[in-house]
Amino acid sequence: MISAGDNLIEVRNLRQSFSGQEILRGVNLDIPRGETTVLLGQSGGGKSVFLRQLIGLIHPLSGSIKIDGEEIAHLDERQLEPIRRKIGMLFQDGALFDSMTVFENVAFPLRERGERSEKIVWEKVARSLELVSLEGQDQKMPSNLSGGMRKRAALARAIITEPACILYDEPTAGLDPIVSDTINKLIRRMQSQLKVTSIVVTHDMISTNYIADRVALLREGRIHFDGSLADLHNSTDPVITDFIEGRSHEID
Amino acid sequence: MNFPYSFPLTRAFSLYLGQIAFLVGESFSSILLGRIRWRLVLNQIVEIGFGSQAVVIITGIFTGAVFTAQIFFQFNALNMSSAVGPVVSIALCRELGPVLTGLMVAGRVGAAICAEIGTMRVTQQIDALRALAVHPIDYLVVPRAVAMMISMPLLVGECIFFALTASYYVATRILNVNSVFFLQHMWFYTHTKDMVMALTKGFVFALIVVFVGCQQGLTTSNGAVGVGRSTTEAVVISSLTILMINFFLTMGLNIIFPAGGKL
Ligand SMILES: Nc1ncnc2c1ncn2[C@@H]1O[C@H](COP(=O)(O)OP(=O)(O)OP(=O)(O)O)[C@@H](O)[C@H]1O
Ligand SMILES: [Mg+2]
């Protein structure tokens, strides 16, 4: 059993509904510091909503979210800023600034945090782009990138300030197996070398097997399973085995 | 932040005013606390102020010209053609210059502000800003507001200058008004206070255009259709507000800067 101090994020009884439709019905989840937690769950199940709540982009209907021991559920926009500086977020569809080049996008967080030296900005951006295999694409506009390239540029922007915690919303969706592997290795390396705490939402079981220290399964608005990767594979729960093996119960 | 259309009209209206008041309050507190990104302000001055000049100059020239002609046709019949200059000049400074500039800028700049911020909202770029600990009001609204507050009085002045120049040419070259009379009377009856009134109105209209545009943009939802709808609303709301506020400004400012005098 992990003691409370080892959790970077503690979520209790988190609820959310949109126009009467309940999306999250009391989520309880601890995110241990310095580990990678993979969050699985069916499409439309509220995984993206959950990640957005963790950095205060959506205010929860009720429940508690503690980050580093601090309750954030009731904080306003300005009070959330110091917490958001500690956390990087990769949005599901990238959310790059479409009036800026890739370079400006990736440099944006650095410049906004007051980095004045163009030389340092240039070096860090180049290294970030290299980490996501986007060398030489820095002068393109986001609208001229492929979907996968856009996602990687957004990832470069999320990691450039070396946050203590990174939330990835489907980092490998839509990427070819080779680039997916690069991203998986990047996530793994961030965990092992920089002790970054990560939450990765994914549908990709290859990726899950490679990066996960822990796995949680969100089902019908609650955490249905929460345990190690080995626990997941040893589970005999039909919900979990169906999910891992990709079986639906539609009749052929 | 969604606009509750289903509410009764008065409630929706007070909610809307509340949202605008919140936006204005947050923006001014950011400005007073010095959270101004001057590089973005300069970009916006180029985009908003510099880019609006052609529209404003053409508006000024033709308004000045047509107004001069009409006033001349009426006044000449009464043998009062020497009054054309001052009447045109005062009407332009006090009403036509600021109002027409305001309406043209509402159409051009208000629409652009709303469409840009609205698109950023529906494509989650606003959320990306927030996630990067950058306040959307500081990054998007404040630079546009500061740029407008600087540009708009200048644009109004420019509009009036070109309108009066056009008026002079139409009156003296086409309608054969004596040019010395025209200039002397115009100069004699137009006071600094008329110009101050023009610039004050320009400043107020700048606030209306920028805050209505930003508010509509920030509350946009429903994708491309939503951006179109909120852009139209931004232009309609800011234009109508300019016309309505203008009346009250005229009444209020006339107490501070009474018309006429020096007779
Ligand atoms: N702003 C919103 N307003 C109304 N409903 C919303 C909003 N955001 C999300 N939803 C609803 O919440 C539900 C969960 O959405 P979410 O994007 O979290 O799913 P997801 O688990 O990330 O799915 P996927 O794996 O397909 O990305 C969906 O039914 C969606 O329609
Ligand atoms: Mg999602």
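Residues numbered from 1 in each chain as written. Chains lettered and ligands numbered in written order. Predicted model: local features only at pLDDT ≥ 70, side-chain atom pairs only at ≥ 80, totals over all residues. Heavy atoms only, no water.

Colleague: Just checking my understanding: could you explain the overall build of chain B for this structure?
Modeller: Scanning chain B for helices and strands turns up nine helices and zero strands. Dimensions along the principal axes, computed over C-alpha positions, put chain B at roughly 70 × 40 × 35 Å. Total accessible area on chain B is roughly 12400 Å²; 72% of this is exposed by carbon and sulfur atoms. Taken as two groups, the 14 positive and 9 negative side-chain charges of chain B have centres that lie 3 Å from each other. (Helix = DSSP H or I, 4+ residues; strand = E, 2+ residues; numbered from the N terminus. Areas by Shrake-Rupley, 256 points an atom, 1.4 Å probe, with all protein chains shown as cover. Lys, Arg positive; Asp, Glu negative; His and termini not counted. Charge placed at Lys NZ, Arg CZ, Asp CG, Glu CD.)

Colleague: Sorry, what's going on with the coordination of the magnesium ion (ligand 2) here?
Modeller: Reference values for coordination geometry: four tetrahedral donors around a metal ideally subtend 109.5 degrees, six octahedral donors ideally subtend 90 or 180 degrees. Each protein donor to the magnesium ion (ligand 2) is listed here as Ser-48 of chain A (OG) and Gln-92 of chain A (OE1); together their distances run 1.9 to 2.1 Å. In this pair, Ser-48 of chain A sits in helix H1 (residues 47–54) while Gln-92 of chain A sits in the loop between strand E6 (87–90) and helix H3 (102–112), placing the two residues 44 residues apart along the sequence. (Donors = N, O, S within 2.8 Å, 3.2 Å for Na, K, Ca; no water.)

Colleague: Before we go on, may I ask you to explain the site of ligand 1 in this structure?
Modeller: Residues and elements named next belong to chain A. Close to ligand 1 lie 13 residues; Ser-43, Gly-44, Lys-47, Ser-48 and Gln-92 are nearest. Note that an oxygen atom of ligand 1 is positioned 3.0 Å from one of the backbone N or O atoms of Gly-46. Within the side chain of Glu-170, an N or O atom sits 3.3 Å from an oxygen atom of ligand 1. Surface burial for ligand 1 is 62%, taken as the share of its 640 Å² of free accessible area covered by protein chains. In terms of residue count, the dominant contributor to the shell around ligand 1 is H1 (three residues). Per-class residue counts for the shell around ligand 1 are three nonpolar, eight polar and two charged. (Near = heavy atom within 4 Å. Polar contact = N/O pair within 3.5 Å; in protein donor to acceptor, adjacent residues only side chain to side chain. Nonpolar A, V, L, I, M, F, W, Y, C, P; charged D, E, K, R; others polar.)

Colleague: Teacher, can you tell me more about unusual backbone geometry here?
Modeller: Trans peptide bonds make up most of the peptide bonds, and negative phi angles are found at most residues other than glycine. Residue and element names in this part refer to chain A. Here Ser-19, not a glycine, exhibits a phi torsion of approximately 40°, which is positive. Mapped onto the elements, Ser-19 comes out in the loop between strand E1 (7–18) and strand E2 (21–32). Note on Ser-19: relative accessible area 82%, which makes it exposed. Unlike most non-glycine residues, Ala-95 shows phi in positive territory, near 55°. (Buried < 20%, exposed > 50% of the residue type's maximum accessible area, 1.4 Å probe, protein only.)

Colleague: What is the right way to look at the interface of chain A and chain B in this model?
Modeller: Where interface size is quoted, it is often the accessible area lost as the parts come together. Contact with chain A, which involves 23 residues of that partner, is made by 20 residues of chain B. Both sides of the chain A and chain B interface together cover about 1800 Å² of buried area, and 50% of this is carbon and sulfur. Run the count over chain A and chain B and you get five salt bridges. For Arg-78 of chain A, the salt bridge is made with Glu-26 of chain B, and the minimal N-O distance between the two is 3.5 Å. There are ten residue pairs in polar contact (both at pLDDT 80 or more) connecting chain A and chain B. Among the elements of the structure, helix H2 (77–86), E6 and H3 of chain A are those that each provide at least two residues to the side of chain A that touches chain B. The dominant element in the side of chain A that touches chain B, judged by the number of residues it contributes, is H2 of chain A, at five residues. Of the residues contributing to the side of chain A that touches chain B, the split by class is eleven nonpolar, one polar and eleven charged. (Contact = heavy atoms within 4.5 Å. Buried area = accessible area lost by both parts, 1.4 Å probe. Salt bridge = Lys/Arg side-chain N within 4 Å of Asp/Glu carboxyl O.)

Colleague: Looking at this structure, how should I read the sheet that holds strand E5 (residues 70–71) of chain A?
Modeller: Pairing between the strands of a sheet comes from backbone hydrogen bonds, and it takes one of two forms, parallel or antiparallel. All names here are of chain A. Read across the sheet, four strands follow the order E2-E1-E4-E5 without closing on themselves; strand pairing throughout is antiparallel. Strands at the two margins of the open sheet, each flanked by one partner only, are E2 and E5. Relative to E2, E1 is paired through nine bridges, and the arrangement is antiparallel. The residue bridging Asn-7 from the neighbouring strand is Pro-32, located in E2. (Pairing = 2+ DSSP bridges.)

Colleague: Any chance you could explain the pattern of salt bridges here in plain terms?
Modeller: A side chain with one charge can pair with a side chain of the opposite charge if their charged atoms come near. Across all of its chains, the model carries 23 salt bridges over all chains by this definition. With its nearest N and O atoms 3.0 Å apart, the salt bridge here joins Glu-95 of chain B to Lys-201 of chain B. In this pair, Glu-95 of chain B is assigned in helix H4 (residues 84–122) and Lys-201 of chain B in helix H8 (residues 192–218), connecting sequence segments 106 residues apart. Here the salt bridges share partners, and the residues they tie into one network are Arg-52, Glu-77 and Arg-84 of chain A together with Asp-127 and Arg-130 of chain B.

Colleague: Explain the sheet that holds strand E3 (residues 36–41) of chain A to me, please; I cannot follow it from the model alone.
Modeller: Residue and element names in this part refer to chain A. Spatial ordering of the open sheet is given by E6-E7-E8-E3-E9-E10, a layout of six strands whose pairing is mixed. Each edge of the open sheet is held by one strand with a lone partner, namely E6 and strand E10 (222–228). Taken pair by pair, the neighbouring strands of this sheet meet at an average axis angle of 15°, ignoring direction. Running at roughly 155° to strand E7 (residues 165–169), H1 makes contact with E3, E6, E7, strand E8 (197–201) and strand E9 (214–219) of the sheet. Sheet contacts for H2: E6 and E7; angle to E6, the most-contacted strand, approximately 75°. (Axes fitted to C-alpha atoms, helices over the stretch in contact; angles between N-to-C directions.)

Colleague: Just checking my understanding: could you explain the environment of Ala-154 of chain A for this structure?
Modeller: Residue and element names in this part refer to chain A. Mapped onto the elements, Ala-154 comes out in helix H5 (residues 147–159). Judged by its relative accessible area of 2%, Ala-154 is buried. For Ala-154 and Ala-95, which are 59 residues apart along the polypeptide, the C-alpha to C-alpha distance reads 7.2 Å. If we skip the residues at most four places from it in the chain, Ala-154 touches Leu-90, Gly-94 and Leu-96.

These results come straight from atomic positions and should not be treated as a statement about function.
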